[in-house]
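The residues making up each chain are set out below.
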Amino acid sequence: MEDREIIALLFARSEQAITALSNKFGRRLTRLARNILPTAQDAEEAVNDTYLAVWNTVPPHNPDPIAPYILRICKNISVSRLRALTAQKRSAYEVALDELSETVGRNTLERIIEARILGQIIDRFLDRVSQTDRVIFLRRYWYGDQVKDIARRVGMTENAVSVRLNRLRSNLHHILVQEGYYER
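Novice: Break down the overall build of the chain for me, with residues and values.
Specialist: When helices and strands are tallied, the chain shows ten helices and zero strands. Beginning at the N terminus, the succession of helices and strands in the chain can be written as α-α-α-α-α-α-α-α-α-α. Pairs at least 24 apart in sequence give 63% of the contacts found in the chain among residues at least 6 apart. A total accessible area of about 11,000 Å² is found for the chain, and carbon and sulfur atoms account for 48% of it.

Novice: Could you give an account of the confidence of the model for the chain, with specific residues and numbers?
Specialist: Any segment with low pLDDT has predicted coordinates that should not be analysed in fine detail. On average, residues of the chain carry a pLDDT of 85, and 83% of them reach 70 or more. Of all helices and strands in the chain, the one with the weakest mean pLDDT is helix α6 (residues 108-113) (49), whereas helix α9 (residues 147-154) scores best (95).

Novice: Could you give me a rundown of helix α10 (residues 158-178), with the residues and numbers involved?
Specialist: Taking 1.5 Å per residue, 21 residues should reach 30 Å; α10 reaches 30 Å between its end C-alpha atoms and fits that length. Residues Val161, Leu165, Leu168, Arg169, Leu172, His173, Ile175 and Leu176 constitute the buried set of α10. All buried residues of α10 lie within an arc of 165° about the axis, which places them on one face of the element. Exposed and oriented more than 90 degrees from the buried face of α10 are Asn159, Arg167 and Gln178. Following α10 by one or two positions, Gly180 has its phi on the positive side, about 80°.

Novice: Quick one: what's the story with the packing of helix α1 (residues 3-11) against helix α2 (residues 16-36), residue by residue and with numbers?
Specialist: Contact geometry of α1 with α2 gives a least axis separation of 8 Å together with a crossing angle of 150°. Taken together, α1 and α2 sit at an angle that is classed as roughly antiparallel. In the packing of α1 onto α2, the handedness of the crossing is left-handed. Only Gln16, Ala17, Ala20, Leu21, Lys24 and Phe25 of α2 make contact with α1, whose side of the interface consists of Asp3, Ile6, Leu9 and Leu10. Of the residues contributing to the contact of α1 with α2, the split by class is seven nonpolar, one polar and two charged.

Calculation rules
Residues numbered from 1 in each chain as written. Predicted model: local features only at pLDDT ≥ 70, side-chain atom pairs only at ≥ 80, totals over all residues. Heavy atoms only, no water. Helix = DSSP H or I, 4+ residues; strand = E, 2+ residues; numbered from the N terminus. Contact = heavy atoms within 4.5 Å. Areas by Shrake-Rupley, 256 points an atom, 1.4 Å probe, with all protein chains shown as cover. pLDDT = per-residue confidence, 0-100. Expected span 1.5 Å × (residues − 1). Buried < 20%, exposed > 50% of the residue type's maximum accessible area, 1.4 Å probe, protein only. Arc of directions from axis to C-beta. Axes fitted to C-alpha atoms, helices over the stretch in contact; angles between N-to-C directions. Parallel < 35°, antiparallel > 145°, perpendicular 65-115°, else oblique. Left-handed = near helix turned anticlockwise from the far one by under 90°. Nonpolar A, V, L, I, M, F, W, Y, C, P; charged D, E, K, R; others polar.

Right, dumping it as C-alpha cells:
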C-alpha cells in the first residue's frame, strides 16, 4: 500500500491504517526497536506504542514520506523505554551513542538548540562519503546495529568496519570543528 493511501486511512480514522502500517513497516520498526531494547517483548511494546503515537498524531500531521516519520517515533519511544529500563546497565546501543557523543559532545541544552544545525552538518558529511561508509555509519549510529552485523551486511571483516567507523568519527569531528559546531 502506498504512503498516501495509509495517510488517507489515518485521516479517515480507519483501523485498517494500523494493519497497513504493520504490513509495510512492521519488520523495520521491530528491527530498530530490537536493536535498542534488551528484550523482544520490550521491542514489541515499543512498536505498538509507535502505532498508537502515529494514530494520535496523524492528523494533524501529514508526513510525506511516512517512513522517516514512523521510524523517528519508534526510535524515540525505544530510547525512552531503554532509559527507563536501564538506569545502570548499558546496552550496545548506548555504547554506540557514547562513541558518537565523544565526537559531538554531550551538552544537552546546546544539543537540543543546535540539533538542526548538527543534522545538516551530518547530512553534508554523509553526502561526501562513499555509499559503503554511509551504510556503515547509519547502520551503527541510526539503527544501532552491532559491528558484526554491519560487517556481514557490507561484506567486510569486523575489524575493517571498526576501523572505518573510527575514521568516520574522526572525519566528522574534524568537520564539526571546521564548522564551529564543536571545539577541540
